[in-house]
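# Tertiary structure, described
Residues per chain are reported as follows:
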Amino acid sequence: MIRFLSLGNGFAVFAIAFVITAIGVPFAVTQERTVQHTEHEKMLQDCAKACSDCQRACDMCSTHCAHQVHEGKKEHIATLMTCQDCSTFCAAASQITARGGPFAQLICMSCADACARCGAECEKFPNDSHMKACAEECRRCEKACRGMGKHGASK
């Protein structure tokens, strides 16, 4: 800085302005990327939570369906199997999105489809509180996963 001042005040002002401009532009871009990265991480974590919640709801519902089948209500076999498979999709989606894996978008779209099917099966029993809760959780997870799938996985 002392050298710049010895060359004249005009040059020093120019040099300082140049340095600030050169540093400021990348800093602004970095801040924007940080905000985008933070938003992306929040979306990943929200999706992972929705998937985890749905996985637990499907596990509980599949146990409920197993009891129903045991009592002779064979119409619950389809929901039992659907809930088990949906739970597996949701568990995988939760893990992959939580760590921001490269296949997050792929698993989210698959999970959304599984949740749509599971939700539809569970909605066939609107008077059953377990089935209704599972269907609602599947719809929440489906929405979160479709949002994640549209957003994209690699930002």
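A brief report on the enclosed structure follows. Since we're looking at a predicted model, the values are computed, not measured.

Cut-offs and rules
- Residues numbered from 1 in each chain as written.
- Predicted model: local features only at pLDDT ≥ 70, side-chain atom pairs only at ≥ 80, totals over all residues.
- Heavy atoms only, no water.
- Helix = DSSP H or I, 4+ residues; strand = E, 2+ residues; numbered from the N terminus.
- Buried < 20%, exposed > 50% of the residue type's maximum accessible area, 1.4 Å probe, protein only.
- Contact = heavy atoms within 4.5 Å.
- Areas by Shrake-Rupley, 256 points an atom, 1.4 Å probe, with all protein chains shown as cover.
- Salt bridge = Lys/Arg side-chain N within 4 Å of Asp/Glu carboxyl O.
- Expected span 1.5 Å × (residues − 1).

## Considering the overall build of the protein
Per the secondary structure count, the protein includes 5 helices and 0 strands. Counting all 155 residues of the protein, 35% fall into the buried class. Residue pairs in contact within the protein that sit at least 24 positions apart in sequence constitute 71% of those at least 6 positions apart. Just so you have it, the protein exposes about 9700 Å², and 62% of that area is on carbon and sulfur atoms.

## Some thoughts on the pattern of salt bridges
Side-chain pairs of opposite charge can arise where the charged atoms are in close proximity. In total, this model carries 9 salt bridges according to the counting rule given. Residues K49 and D53 are paired through a salt bridge, measuring 2.8 Å at the closest nitrogen-oxygen approach. Separated by 4 residues within a single helix, K49 and D53 lie in helix α2 (residues 9-70), roughly one turn from each other. Judged by relative accessible area, D53 falls into the buried class, the value being 19%. Through salt bridges with shared partners, a single network forms among D113, E123, R139, E142 and R146.

## Quick notes on helix α4 (residues 104-122)
With 19 residues, α4 extends 26 Å between its outermost C-alpha atoms, agreeing within 8% with the 27 Å of an ideal straight helix rising 1.5 Å per residue. Buried residues of α4: A104, I107, C108, C111, A112, A114, C115, A116, C118, G119, E121 and C122, and no others.

## Things to note about helix α3 (residues 77-98)
With 22 residues, α3 extends 32 Å from end C-alpha to end C-alpha; this agrees with the ideal 32 Å at 1.5 Å per step. Within α3, the full set of buried residues consists of T79, L80, C83, C86, S87, C90, A93, S94, I96 and T97.

Geometric descriptors of this kind do not, in isolation, establish any biological role.
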